[in-house]
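What follows is each chain in one-letter form.
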Amino acid sequence: MKACTAAVLVLLTLQGVCALDVGFSILTGNPPGTRFCENDIRCFAEAGAQYINTNQTFLTKLYQLKHIPPDSAISGATDTVHEGLLDICSHVAQAQISAIIVTRDKTPDADDIAGVASHATNPVMGVDLDAFGAGSRAFKMYPSAEDMNTLFIDVSSYFTWRNFILLYDDPTAYSNLLGMINHASNEEWNITSIRLADDLSDHARNISKLDTSNIFIFCSSEDKLQLILNQAIELEILGPNYTWIVGNLNAIQLHDPLKLSELETTNAYIIHFQMNYTREMQYYLPLSTDYQRWDFQSKLTFDAVIALGHGLRTYRQYRDRTLVRGNSLPGDTLMPSCPNSGIDPTENPLSDHIKMVGFEGVTGNVAFDDNGNRVNYSISIYSGQGETLEQLRGEWTQNIDFWEQKWNTRWNSDGRLNVTAYNSKQNALCQEGLRDLKSKQDDKDSEIAALKAQIQKQPLTICDRYETCDECKEPVTEEGGPNCGWCGRKGYAPTGVSDDSVKGAFYAHLNSVCDSVPTCHTNGYGYESCRGPHGSGSRYNSSLSVCFSTPPEVGAL
């Protein structure tokens, strides 16, 4: 992930008006993007600042949020948390910033740099998933590891996964799954954990030999996750014989047609998660880029800047109401310098106001509790195969009370996972569809029977002595019919010697009837919602054998 942003004060004179700039910096382990901000998270942070500056309800005309590039000596990735923390503290002291937004790429090989920095200064905003049970004081844009583990346990239980493969990329990812792993041990689930190197092919053979086809994958790096998924497609591990749960949020990019199509063609059954958001934004997006195609970290960074703007707004309003005297905003919100000893840093008053933030962002509702954990959000659960990959299965909410208040309706579930409304709706559609199938089949049964009755073969030896149809039709059998069937009398199927127009009309009608009749086979493609969650897993999408099928073309007898 990427870096640190910050809020810095610089006194500028703009058209004769004295203005205070609230600046921010990005400390990133990745080099700047070179083309239209591609792959450069700093541009998305600047997009957030651009909105803050165009909406005067945040900082009024007196202040501007400005990007101040960090000193080159402290930009770039570091190898250890200690080195990363020294860079952050140095930047806090030199730039006199009001807040920082930290991404994991500052120390890509270490745990939760934002959480560590939050014990040295404040407020710190973390973009990436924090370490499980680390006690981070940062404001976390990504749902907490504790909440994510609860989500994984709820979903795995719903889909009745008791035996599965766990793929992860580094110790950080594994530690963030300890809640689910401990639960699995208590419930006697069988989890086979595999740490992946750069090449998935090293493990492909072992995976194929295991007695389960259920695969749960979670990576600490979005880039690493996409690399592994691409390798899994090439190795056909991400294919019709496997069922996957992709634990990283918004990893399946539903708004990228090319990537979505590639996953659909694998015909693998995939369960994945998306952060909910509504279109009733409390702010607009100043960039012309389609924000729905931003990667998840970029969206989180954008929302972090907006959250900082909301915190500064409420603090400014508080000062106006109470007539607090002192330095001009935000001169009295500077981050405290990192202490030289193990004592706790001084509390920045801005931190209390960030805790009051509540708005609808591009990653859903953004709000924090007293510990900086993100709260009041919801996650959509999708599952499907092929073209049904976007099928909504259910919803998981962090706060049931908030959800009920927001939507003014009852949360129809005992826990935080709600599949009742979606299953009821899907079951109703399925039952209606199955009734329609049965009705169509009943309606066609008599017509098919009549057509089959017409297709009667007579021994050709009976017809050998006749040269014309008229001669053939003269004799009448005890049943009252002709002696041979190639004469094409009404009520009988035309044979090869009949006129082409007669044969064409008959078999066109027969094929049209057969085309409209549902047939049964073992391909359940498209019927995941009817089948329910227990049809996935080791059954490979085969527990319902109902679908439409075009029968083989009927030819002349």
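That block above? That's the structure.
Residues numbered from 1 in each chain as written. Predicted model: local features only at pLDDT ≥ 70, side-chain atom pairs only at ≥ 80, totals over all residues. Heavy atoms only, no water.

## Let's talk about the packing of aromatic side chains
Taken as a whole, this structure holds 16 aromatic pairs when the rule is applied. Note on Tyr377 and Trp396: the rings are 6.4 Å apart at their centroids and 35 degrees apart in plane angle, and the pair reads as tilted. Separated by 19 residues along the polypeptide, Tyr377 in the loop between strand 14 (364–367) and strand 15 (378–385) and Trp396 in strand 16 (residues 392–397) bring together distant segments of the chain. Judged by its relative accessible area of 0%, Trp396 falls in the buried class. (Phe/Tyr/Trp six-rings, centres within 6.5 Å; stacked < 30°, edge-to-face > 60°. Helix = DSSP H or I, 4+ residues; strand = E, 2+ residues; numbered from the N terminus. Buried < 20%, exposed > 50% of the residue type's maximum accessible area, 1.4 Å probe, protein only.)

## Digging into the pairing of strand 12 (residues 269–275)
In terms of residue burial, strand 12 counts as a mostly covered element, since seven of its seven residues are buried. Residue alternation in strand 12 divides its side chains into two sets, Tyr269, Ile271, Phe273 and Met275 and Ile270, His272 and Gln274, and both sets are buried. Remark: the strand 11 (residues 243–246)/helix 10 (residues 257–266)/strand 12 crossover connection has right-handed handedness. Where strand 12 meets strand 15, seven bridges bridge the pair, whose relative direction is antiparallel. Paired with Ile270 across the strands is Gly384, a residue of strand 15. (Right-handed = clockwise from strand over helix to strand, strands pointing away. Pairing = 2+ DSSP bridges.)

## Regarding the sheet that holds strand 16
Sheets are built from strands that pair by backbone hydrogen bonding, the pairs being arranged parallel or antiparallel. Read from one edge of the open sheet, eight strands run 9-8-10-11-12-15-16-17, paired in mixed fashion. Either end of the sheet is taken by a strand with one partner, and the two such strands are strand 9 (190–195) and strand 17 (417–418). Relative to strand 10 (residues 214–218), strand 8 (residues 163–168) is paired through four bridges, and the arrangement is parallel. Within strand 10, the position partnered with Ile165 by the bridge is Ile215. Docked against the sheet, helix 5 (residues 145–158) engages strand 10, strand 11, strand 12, strand 15, strand 16 and strand 17, running at close to 145 degrees with respect to strand 16. (Contact = heavy atoms within 4.5 Å. Axes fitted to C-alpha atoms, helices over the stretch in contact; angles between N-to-C directions.)

## Regarding the side chain of Ser136
By secondary structure assignment, the location of Ser136 is in the loop between strand 6 (124–126) and strand 7 (139–140). Within polar-contact distance, the side chain of Ser136 engages the backbone nitrogen of Ala138 at 3.1 Å. When near neighbours in sequence (up to four residues on either side) are disregarded, Ser136 contacts Asp112, Gly115, Ser118, His119, Asp130 and Asn371. (Polar contact = N/O pair within 3.5 Å; in protein donor to acceptor, adjacent residues only side chain to side chain.)

## A word on the state of the cysteines
One pass over the full model with this rule turns up one disulfide. Residue Cys89 pairs covalently with Cys338 via a disulfide, S to S 2.0 Å. Disulfide Cys89-Cys338: the torsion about the S-S bond is -95 degrees, which places it as left-handed. Of the two residues, Cys89 is situated in helix 3 (residues 81–95) and Cys338 in the loop between helix 11 (296–322) and helix 12 (349–354); the sequence distance between them amounts to 249 residues. Taken as a pair, Cys89 and Cys338 share a single burial class, namely buried. (Disulfide = S-S within 2.5 Å.)

## Describing the packing of helix 1 (residues 41–54) against helix 11
Where helix 1 meets helix 11, the axes come as close as 8 Å, and the angle between the chain directions of the two elements is 35 degrees. Like other packed secondary-structure pairs, helix 1 and helix 11 cross with a definite hand, here right-handed. Residues Ile41, Phe44, Ala45, Ala47, Gly48, Ala49, Tyr51 and Ile52 of helix 1 form the contact with helix 11, whose own contacting residues are Gln297, Ser298, Thr301, Phe302, Val305, Ile306 and Gly309. Classifying every residue of the contact of helix 1 with helix 11 by side-chain character gives ten nonpolar, five polar and no charged. (Left-handed = near helix turned anticlockwise from the far one by under 90°. Nonpolar A, V, L, I, M, F, W, Y, C, P; charged D, E, K, R; others polar.)

## Side note on the packing of helix 5 against helix 7 (residues 178–186)
Packing of helix 5 against helix 7 brings their axes to within 8 Å, and their N-to-C directions diverge by 40 degrees. On the basis of their axis angle, the class for helix 5 and helix 7 is oblique. Classified by chirality, the crossing of helix 7 by helix 5 is right-handed. Contacts from Asn149, Phe152, Ile153 and Ser156 of helix 5 reach helix 7 at Leu178, Gly179, Met180 and His183. Partitioned by chemical class, the residues of the contact of helix 5 with helix 7 number four nonpolar, four polar and no charged. (Parallel < 35°, antiparallel > 145°, perpendicular 65-115°, else oblique.)

## Let's talk about helix 11
Between its first and last C-alpha, helix 11 extends 39 Å over 27 residues, near the 39 Å set by a 1.5 Å rise per residue. For helix 11, a buried count of 22 out of 27 residues is recorded, marking the element as mostly surrounded by other parts of the structure. One side-chain oxygen at the N-terminal end of helix 11 lies 3.3 Å from the backbone nitrogen of Gln297; it belongs to Asp295. (Expected span 1.5 Å × (residues − 1).)

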